[in-house]
Amino acid sequence: MSGVRVRTRELAELGVTLPGFVNRGKVIASLPSLGLLTVAALTPPDIDVAYREIGETRPDDPLERFDLVGISSFTAQIDEAYALADRYRAAGVPVVLGGLHVSLMPDEAAQHADSIVLNGAEGAWPRLVEDFRRGRLKPRYEGLRSGVFQAPNHAFPRFDLLRGRPYNRLTVQTSRGCPMDCEFCAASIRITSGFQQKPVERVVAEIKAAMAVTDHPFLELADDNTFVNKRWGKEFLRAITPLGVSWFTETDISVADDDELLRLLAESGCRQILVGLESPTEDGLARLDPHDWKRRHCARYLEAIARIQSHGVTVNGCFILGLDSQTPEVFPRVRDFVRESGLLEVQITVMTPFPGTPLYRRLAAEGRLLQPRYWDRCTLFDVNFRPKHMTVSELESGMRWLFGEIYNDAECARRQRHYMELVKARMPRDGAD
Amino acid sequence: MNPKELESELRALLAGRCRLDVSDFDPDADLVRELGLDSLARLRLLAAVEHRLEVRFEDARLGEIRTLRQLAGAVAEAIKTKGGAS
Ligand code: B12
């Protein structure tokens, strides 16, 4: 479905006809792997490195020759990664598996690899390469969980490997982790031991390098929560403003509290922030994060969205369906909230117990997982568990209903008009922005 | 405003929003896919055109304006519905 992964057939079919959904799909299909560019950067300079996308190798194509193959992993596509690893190993080429899924499911991954790397490649890959050169590859390496952005561990991603490839968007990472620690989170918090942030001058240098390799770049920060530290945030925004980039990131709703930050955000070329609102009502947010932070901030959602968007930065509001405290009432409530809020973009996903997360462990203990192994259905759109206050089919059909309500032509046009009016309200007479 | 003037006005508004030289590109080139605007930049261009030329596109048509020629057509139509102010 234009880049977005989903297994449930009805949703896949519905998705292709919904303009609001397809747009995001096109974006999603066009980002390179920052994890692999980082691994390449950690490779000693006397070794030649080649970057490949898994889609470039079909199962019946002859294998390209390499001395060592490293494969990155997210859960949804892990079976394809394992199949490629098995092919290379059968051909006598050693394979190393790393990345999020491998870090969360090391024993499973080890069955398809000569060696696995847990956590960040920083602190592990240089050792691994030296061992490999000496013919002493070990089955498992532990990368760093902290200090990844400090010398000498930090690696400057090899954006140059992307030259000539057709990416219109690139990622740069400014931080790992997030103090929120939501139960369901399957992002970088699982491979770090606390919130870590890169020095501003290093981020600026990386952005410049990323911009140098592509024609019309749009930048996505590969962060979980960029503006945890508002002081760092302002320094960062002032530093990137002169670069003239258009960019997007993920953060929490508290950016709305700081008008100076919002002004700097807009001036720096930030076009959109993605915010995990998760549920439109307080009761839907109970016990989501250990500090109940999201529940406590829910009452201000509408006002905060309006304030952020009034600065010309749009909000992509994300909602999770199937949370334990939600009943079927959540579906119309999300629709009403979306209409009232004027959110320019909306992302509706289903609660997903990614293996290795606290949510996965809890649902497994409660006997609520629908199948023991469902990794290819970890798409954020397929239901893999028994919800607490509705049936599986109520959740599936409620989500489909909501998709139809939110991503249809008329609603997309309404959101686009809202954005254009916000932009116009900030324009001087000559139409510059 | 005649069609030639309108086109050069629109080209001027587009200049600076994309990195290509706007003087000689194809009016049928897709603003997003070929001229490198992102989807929000396309909307900002439409907003700028509305603001500058004091017109308002029909909401239902916003998604269809994907090339400079379609933009010019939409402006002409919006001027007509507005009551012939040209
Ligand atoms: C950019 C991004 C994408 C890009 C990915 C581009 C790419 N090829 O990598 C695109 C848009 C394609 C994408 C697609 C999807 N994504 Co996505 N995406 C992200 C995002 C925003 C940032 C990831 C990132 O770049 N991190 C920075 C890099 C540096 O970190 P890293 O990959 O972990 O790499 C480090 C280590 O893991 C390790 N490492 C990684 N690879 C390797 C390899 C080797 C050999 C070694 C030694 C080490 C190593 O070293 C690296 C440096 O320290 C995260 C959310 C977030 N904020 O983190 C979601 C996220 C990764 N995506 C997610 C999901 C669910 C999806 C989709 C299923 C969505 C969909 N329905 O289509 C698809 C699936 C894609 C797939 N291949 O399976 C989930 C994945 C959860 C999980 N545990 O699998 C995340 C965490 C978001 C979330 N909602 O939870 N995504």
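Our subject is the structure that appears above.
Here the structure is a predicted model, which means the values were calculated and not measured. (Residues numbered from 1 in each chain as written. Chains lettered and ligands numbered in written order. Predicted model: local features only at pLDDT ≥ 70, side-chain atom pairs only at ≥ 80, totals over all residues. Heavy atoms only, no water.)

A. Up close: the sheet that holds strand S10 (residues 270–278) of chain A. All names here are of chain A. Read across the sheet, six strands follow the order S5-S8-S9-S10-S11-S12 without closing on themselves; strand pairing throughout is parallel. Looking along the sheet, the strands with just one partner apiece sit at the ends: strand S5 (169–172) and strand S12 (345–350). Averaged over all adjacent pairs, the angle separating strand axes in this sheet is 20°, with direction ignored. Here S5 runs beside strand S8 (residues 218–221); their pairing, made up of four bridges, is parallel. Considered in S8, the bridge of Arg-169 is made with Phe-218. Sheet strands touched by helix H13 (residues 330–341): S10, strand S11 (314–321) and S12. Its angle to S11, the strand with the most contacts, is close to 175°. (Pairing = 2+ DSSP bridges. Helix = DSSP H or I, 4+ residues; strand = E, 2+ residues; numbered from the N terminus. Axes fitted to C-alpha atoms, helices over the stretch in contact; angles between N-to-C directions. Contact = heavy atoms within 4.5 Å.)

B. Spatial organisation of the environment of Ala-109 of chain A. Residues and elements named next belong to chain A. Mapped onto the secondary structure, Ala-109 falls in helix H6 (residues 106–110). A relative accessible area of 0% means that Ala-109 is categorised as buried. Measuring from C-alpha to C-alpha, the distance between Ala-109 and Ser-146 comes to 23 Å, with 37 residues separating the pair along the chain. Ignoring anything within four residues of it in the chain, the contact list for Ala-109 reads Tyr-82, Leu-97, Val-102 and Ile-116. (Buried < 20%, exposed > 50% of the residue type's maximum accessible area, 1.4 Å probe, protein only.)

C. Up close: the environment of Thr-81 of chain B. All names here are of chain B. Looking at the element boundaries, Thr-81 is found in helix H3 (residues 68–82). For the pair Thr-81 and Arg-52, spaced 29 residues apart in sequence, the C-alpha separation works out to 17 Å. A distance of 2.8 Å separates a polar side-chain atom of Thr-81 from the backbone oxygen of Glu-77. (Polar contact = N/O pair within 3.5 Å; in protein donor to acceptor, adjacent residues only side chain to side chain.)

D. Quick look at the pairing of S8 of chain A. Residues and elements named next belong to chain A. By the alternation rule, side chains of S8 split into Phe-218 and Glu-220 and Leu-219 and Leu-221, which are all buried. Pairing of S8 with strand S9 (residues 247–251), which is carried by two bridges, proceeds in the parallel orientation. The partner of Leu-219 across the bridge, within S9, is Trp-247.

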